[in-house]
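Structural features, examined
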Amino acid sequence: MRPHHPGLLPSGPAVDGSALDTGHPPRFIGVVRRPWPAPAFPRTDDATPDQLAEQRLAALAVDLADACRAAVDVDEVAALLEASGVNDRVAQRAYAQPGVFALADALLRRVPRVAEEPAPPTAPPLRPRAISTLVRAALYLTPAVLAAGVSTELSRLPVLAGPGALVAGWAGAQGLSYLGYVRLNTAGPAGAARLLMAGFGALAAVWGMVLWWIGVPWPTGYVVAGAQLALFAAVTAALVTGKELRALGGAALCWTAAAFGAGGWLLAALGVLLVVAYLPAWSRRSGIGRVGIRPVFAAGGHAVIGAGQAVLCYVIVLAGSAGQVPLAAVPVIVAVPLIELTLLWHQHRITIALSVLDDPVVFRHRAARVSAGSLAVLAVPAVAGPALAGVAPPRLVAAVLLAGAFALTLVLVAHRRPGPAMALVGVPTALVTLPAAAPMSTAIVVLLVANMIGLPVAYQAMCDPASYR
Amino acid sequence: MRIALVNEGTYPYATGGVSTWCDHLVRGLPEVDYHLMAIVAVDGARPALALPDNVRSLTTAPLWDPARPASRSGRRRAVRAAALLFEGMLGDTAEDIAAFEAGLRALAAPTRPRGRHPLAEVSTVDPLLAAWARARDRDGAGDGPPLPRLTLRDAAEVAMLVEHALRPLAVALPEVELCHANANGLSSLVALATKWRTGTPFVMTEHGVYLRERYLGAVHATAGVKAAMLRFHRALARLAYAEADLIAPVTSFNRRWAVRHGADPAKVVVVANGVDPARFAPLHDEPDAPVISWIGRIDPLKDLHTLIRALPHIRATVPDARLHLAGPVPPGNAEYAQSCRSLAADLGLSGAVDFVGPVANSRNAFAAGRVAALSSISEGMPYTVIEAMMCARATVSTDVGGVAETVGDTGVVVPPRDPAAFGAACAALLTDTSRRRALAAGGRARAVARYTLDRCLSAYRDLYAQVA
């Protein structure tokens, strides 16, 4: 995310006026209470001009004590003095100094140095971010939850209209959300929403043509595929543009409609969600900025990860669920918010460490300790999965291990390890979907191995200081 | 003659101020082929001004768009160069400047594929922290303010900011005979790199003082980030002052900063701003009412509070005196504008202070008053004063920046933040018609003699010929 640094570098999303004019007026001291020559200056009949100048200098030093204490050098004090109306003539006339720079130097020398205090730990408050994280997790899970609710109907449709659209939507959401965040940095929410709108629009058009090409009959297949893509499009827009809370209302309507099996109402609720999520696209306050070719490649990697997740989710959780809301969905639904909260706690501890430490070695030790705590949570599915084997249905065991693999993927993506993340999802996807594979037993073995390999890789990623820059 | 005109965030993507100055320059010198380079926040904007025919190309250098990284070996070289850069920027000696220059030269060297940025995706946090630790050890023995702590978060932020600040190094200028950097800082960074690569000389114009503006702008950063970035900008400014073939501040007031930071005084030539006398023809008539006119943006630096507080002092002598305040309220200044209105109301002067908002032509605003006022606490060389003089309006101004040298003896200059002095000066002019008219006529004559657009253009024509 591009930070806002008024005065240090141009940072506005658009150039409006000088790049130096970032919306914040330059500072001026504002504490120089006494104009010069000033009636408020101490005037004693017997004071010599030098004594008067000395008194004024002392008074000015008191006024500017804080500014001088925070100053980097003489020039900063001089700049502040000039911005407050002190020029060389004033310095000579009122303070008997050769000029502003000399006056600034005299002021700095009068301000006693104070012992430097340790930097205070700073991080955004945890509780509101935890709530926001849960809201985001709820939105993120909405397509999967609704797919679980209508899994039987999905499985009756042609593959590309049901599960295929789920995979396309999931992959599109992962890839386009990456591009959306890139765009958000330069063009703001409106620009990001427009990019997502164009991206999902193109995906829907392509998917519609594919369905027509393979002869899917009108209208059910098209409606279901379109609804899935629209759902992913809405959720992605809300997550990228930061409008989760208002989108959550629309998502809740979708959940309710799906719970009552009201297809028409579900479509209507989806329409509401879509409109709410894409409201920022109509804002006139759109910035500018292009998305280069490199982010497109990176987005492709994210799309591959998303596709793999969707395939695994469908094969292990949704396929063959016999008309019931699959029990196997529970581990994934529970794991996503839990791992998000764990990562939030992890990031919070790291942020605090970065804000107080100035020694990279000490930070590495701190990061290792925090990462060990996060690893303990990440390892739960790898322990629970084998423990459940033989006790719980194989599909549930596989789903628990799948939740662990999803969590590890999330960590690797967050720590900029797209290659390992792709491997962690891609290899199990390939093995589980092999024609000769017995899906559940294969999935359990493959996902257990993936968890065992992924845990140390994720730990190493979390310990790497470079991944926090 | 082919000249690259380098701007940061202004021409041709913004209007007013420096952009207007550039537009006058480019249109006023049609014999010059200009290649514009604009350092912008992000790419993709459309120029806000129509470009004249003698603009041959427009290149942008976005600071915040995604950048293509250098090759692996190029990145290793970049880390070594950045280490030198950090080492040099934190010190204050000639050796430090040399180290900074060596680092910057290495980063500017065209050894990587075109368009790739030397520091993109390169972590320079460790060399920054190492340089910072050594500088703090050295600082302990010095008598200036010591460097503050640089936390790891600060270091990451500084490394990121420096990386983005150096993005313009990746952009190559077309082949030109002269580079005209329209400020110190990042504009001059481009000119420096071009000079090192091709030997092209460069002229630097300073409208304000880039370095001073960085000091004043460093408001919200932590102590460590602020110190590091100001050291970076100081080192860059010093290097640019030393390497520029000619430096042209708009006032002598700004010249002091250039000389203090290493500019050879012989290379510093003050070229004042100019306006078109035809556009600001003298105003022969005065309004019936004793009105003081002011024009500018409503901003704390303009210190309208002093002007409003001066009004009771004026009305003590001229009971029906009024203020005519013309100008826009920039984004973020609504609170200040409201404070001005509240102050007028508190002083019982609501009916005597007119906030008329933006005006298309400042001459109309001057026509509304008998005297033109400028109450700022900080200025370079304000166009407002030159335009008022050109319009033959007597001026009362505060003694800030280059104002006193601009008006000379044709206007009244008082200390800033002194409502009584300001009011007394205004009242004296309102009540003394002959003096007011004499000053107005003197101001017009002085402006015609010193501050015309033609004279400014002619000066640049000569400077270009001298340096190229």
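Residues numbered from 1 in each chain as written. Chains lettered and ligands numbered in written order. Predicted model: local features only at pLDDT ≥ 70, side-chain atom pairs only at ≥ 80, totals over all residues. Heavy atoms only, no water.

With that out of the way, let us pick up the overall build of chain A. Each helix and strand counted, chain A has 18 helices and zero strands in total. By residue count, 51% of the 469 residues in chain A fall in the buried class. In chain A, the share of contacts with a sequence separation of at least 24, taken over all contacts with a separation of at least 6, comes to 76%. Accessible surface, chain A as shown: approximately 20800 Å² in total, 69% of it carbon and sulfur. (Helix = DSSP H or I, 4+ residues; strand = E, 2+ residues; numbered from the N terminus. Buried < 20%, exposed > 50% of the residue type's maximum accessible area, 1.4 Å probe, protein only. Contact = heavy atoms within 4.5 Å. Areas by Shrake-Rupley, 256 points an atom, 1.4 Å probe, with all protein chains shown as cover.)

Turning to the nonpolar core, a few remarks are in order. Ranked by size, the top nonpolar core spans 200 residues in total, and within it A:Leu81, A:Leu107, A:Ile316, B:Leu104, B:Leu166 and B:Phe232 carry the most contacts. Apart from residues lying up to four places away in sequence, A:Leu107 is in contact with A:Leu57, A:Leu60, A:Ala61, A:Leu64, A:Cys68, A:Val77 and A:Leu81. With 34 residues, the next largest nonpolar core counts B:Ile292, B:Leu304, B:Leu323 and B:Tyr336 among its residues. (Core = buried A, V, L, I, M, F, W, Y, C linked by side-chain atoms within 4.5 Å.)

Time to look at the sheet that holds strand β8 (residues 246-249) of chain B. Residues and elements named next belong to chain B. Reading across the sheet, the six strands line up as β3-β2-β1-β6-β7-β8 and stay open at both edges, with parallel pairing between neighbours. Only two strands of the sheet have a single partner each, and these edge strands are β3 (55-62) and β8. Sheet twist, expressed as the average angle between the axes of neighbouring strands with direction ignored, equals 20°. For strand β1 (residues 2-8) and strand β6 (residues 178-181), the ladder comprises four bridges, and the chain directions are parallel. Of the residues in β6, the one forming a bridge with Val 6 is Ala 181. Contacts from helix α1 (residues 17-28) reach β1, β2 (33-40), β3, β6 and β7 (202-206) within the one sheet, and its direction differs from that of β1 by about 170°. (Pairing = 2+ DSSP bridges. Axes fitted to C-alpha atoms, helices over the stretch in contact; angles between N-to-C directions.)

The next point concerns a nonpolar patch on the surface. Residues and elements named next belong to chain A. A surface patch of nonpolar side chains, amounting to about 430 Å² of accessible area, comprises Met 197, Val 275, Leu 279 and Trp 282. Mapped onto the elements, Leu 279 comes out in the loop between α11 (263-277) and α12 (293-318). Residue classification places Leu 279 among the partly exposed positions, given a relative accessible area of 42%. (Patch = residues over 30% accessible without salt bridge, like charges linked within 9 Å, V, L, I, M, F, W, Y side chains within 5 Å. Salt bridge = Lys/Arg side-chain N within 4 Å of Asp/Glu carboxyl O.)

All names here are of chain B. With parallel pairing, the six strands of this open sheet are ordered in space as β11-β10-β9-β12-β13-β14. Taken across any chain shown, the strands that pair with only one partner, and hence form the sheet edges, are β11 (353-357) and β14 (412-414). For this sheet, the mean inter-axis angle between neighbouring strands, taken without regard to orientation, is 20°. Where strand β9 (residues 291-295) and strand β12 (residues 371-374) come together, three bridges link them in parallel fashion. Residue pairing for β12: Ser 293 is matched across the bridge by Ala 372. Helix α10 (residues 304-317) rests against β9, β10 (322-326), β11 and β12 of the sheet, and its axis sits at about 160° to β10.

Going through the model one piece at a time under the given rule, you end up with eleven aromatic pairs over all chains. Aromatic pair B:Trp21 and B:Tyr460: ring centres 5.4 Å apart, planes at 80°, arrangement edge-to-face. With B:Trp21 in helix α1 and B:Tyr460 in helix α17 (residues 453-467), this residue pair connects regions lying 439 residues apart in the sequence. The pair B:Trp21 / B:Tyr460 is uniform in exposure class, with both members buried. On the basis of an interplanar angle of 65° and a centroid distance of 6.4 Å, the ring pair of B:Tyr34 and B:Tyr464 is categorised as edge-to-face. Highlighted residues: B:Tyr34 in strand β2 and B:Tyr464 in helix α17, separated in sequence by 430 residues. The residues B:Tyr34 and B:Tyr464 share a single accessibility class, namely buried. Within the aromatic cluster, the residues linked to one another by ring pairs are B:Trp21, B:Tyr34, B:Tyr460 and B:Tyr464. Seen from the ring of B:Tyr210, B:Arg214 lies directly overhead, with NZ or CZ sitting 4.5 Å from the centre. Here the guanidinium or amino end of B:Arg260 rests over the ring plane of A:Phe101, the centre of that ring lying 4.1 Å away. (Phe/Tyr/Trp six-rings, centres within 6.5 Å; stacked < 30°, edge-to-face > 60°. Lys NZ or Arg CZ within 6 Å of the ring centre and 35° of its normal.)

Below, the discussion takes up the environment of B:Leu239. All names here are of chain B. Mapped onto the elements, Leu 239 comes out in helix α8 (residues 223-243). Spatially, the C-alpha atoms of Leu 239 and Gly 274 are 29 Å apart, while their sequence positions differ by 35 residues. Those residues within four positions of Leu 239 in sequence are excluded, and the remaining contacts are Ile 97, Phe 100, Glu 101, Leu 104, Leu 192 and Trp 196.

Residue and element names in this part refer to chain B. By the alternation rule, side chains of β6 split into Leu 178 and His 180 and Cys 179 and Ala 181, which are all buried. As defined by bridge partners, β6 adjoins β7 across three bridges and the pair is classed as parallel. Across the sheet, the residue bridging to Cys 179 is Phe 202, located in β7. The handedness of the β6 to β7 crossover, carried by helix α6 (residues 186-198), is right-handed. (Right-handed = clockwise from strand over helix to strand, strands pointing away.)

On to the state of the cysteines, then. The tally for this structure, following the rule as stated, stands at zero disulfides over all chains. B:Cys22 carries a free sulfur, and the closest cysteine sulfur to it, the one in B:Cys456, is 11 Å from it. (Disulfide = S-S within 2.5 Å.)

This next bit is on a positive patch on the surface. A grouping of B:Arg72, B:Arg76, B:Arg77 and B:Arg80 is seen on the molecular surface, where their side chains present a positively charged patch. By the secondary structure assignment, B:Arg72 is in helix α2 (residues 72-90). (Lys, Arg positive; Asp, Glu negative; His and termini not counted. Charge placed at Lys NZ, Arg CZ, Asp CG, Glu CD.)

So, on to the side chain of A:Asn87. Looking at the secondary structure, you find A:Asn87 in the loop between α3 (74-83) and α4 (88-95). A:Asn87 sits in the buried class, given a relative accessible area of 2%. Of note is the side chain of A:Asn87, whose polar atom sits 2.9 Å from the backbone nitrogen of A:Val90. A distance of 2.7 Å separates a polar side-chain atom of A:Asn87 from the backbone oxygen of B:Asp399. (Polar contact = N/O pair within 3.5 Å; in protein donor to acceptor, adjacent residues only side chain to side chain.)

Now for the side chain of A:Thr351. Positionally, A:Thr351 belongs in helix α13 (residues 329-356). By relative accessible area, which is 13% here, A:Thr351 ends up buried. Not counting residues up to four positions away in its chain, the partners in contact with A:Thr351 are A:Thr122, A:Ala123, A:Pro124 and B:Arg153.

When the charged atoms of two side chains lie near each other, side chains of opposite charge can form a pair. A full pass over the atoms with the stated rule returns 30 salt bridges over all chains. Between A:Glu82 and B:Arg212 there is a salt bridge, and its shortest N-O distance comes to 2.4 Å. Placement of A:Glu82 in helix α3 and of B:Arg212 in helix α7 (residues 210-217) is noted, with the two residues assigned to different chains. What makes A:Glu82 buried here is its relative accessible area of 4%. A salt bridge links B:Arg437 to B:Glu286; its shortest N-O distance comes to 4.0 Å. Here B:Glu286 lies in the loop between α9 (252-260) and β9 and B:Arg437 lies in helix α16 (residues 433-450), a separation of 151 residues in the sequence. Sharing partners across several salt bridges, the network here consists of A:Asp73, B:Asp92, B:Arg234 and B:Arg238.

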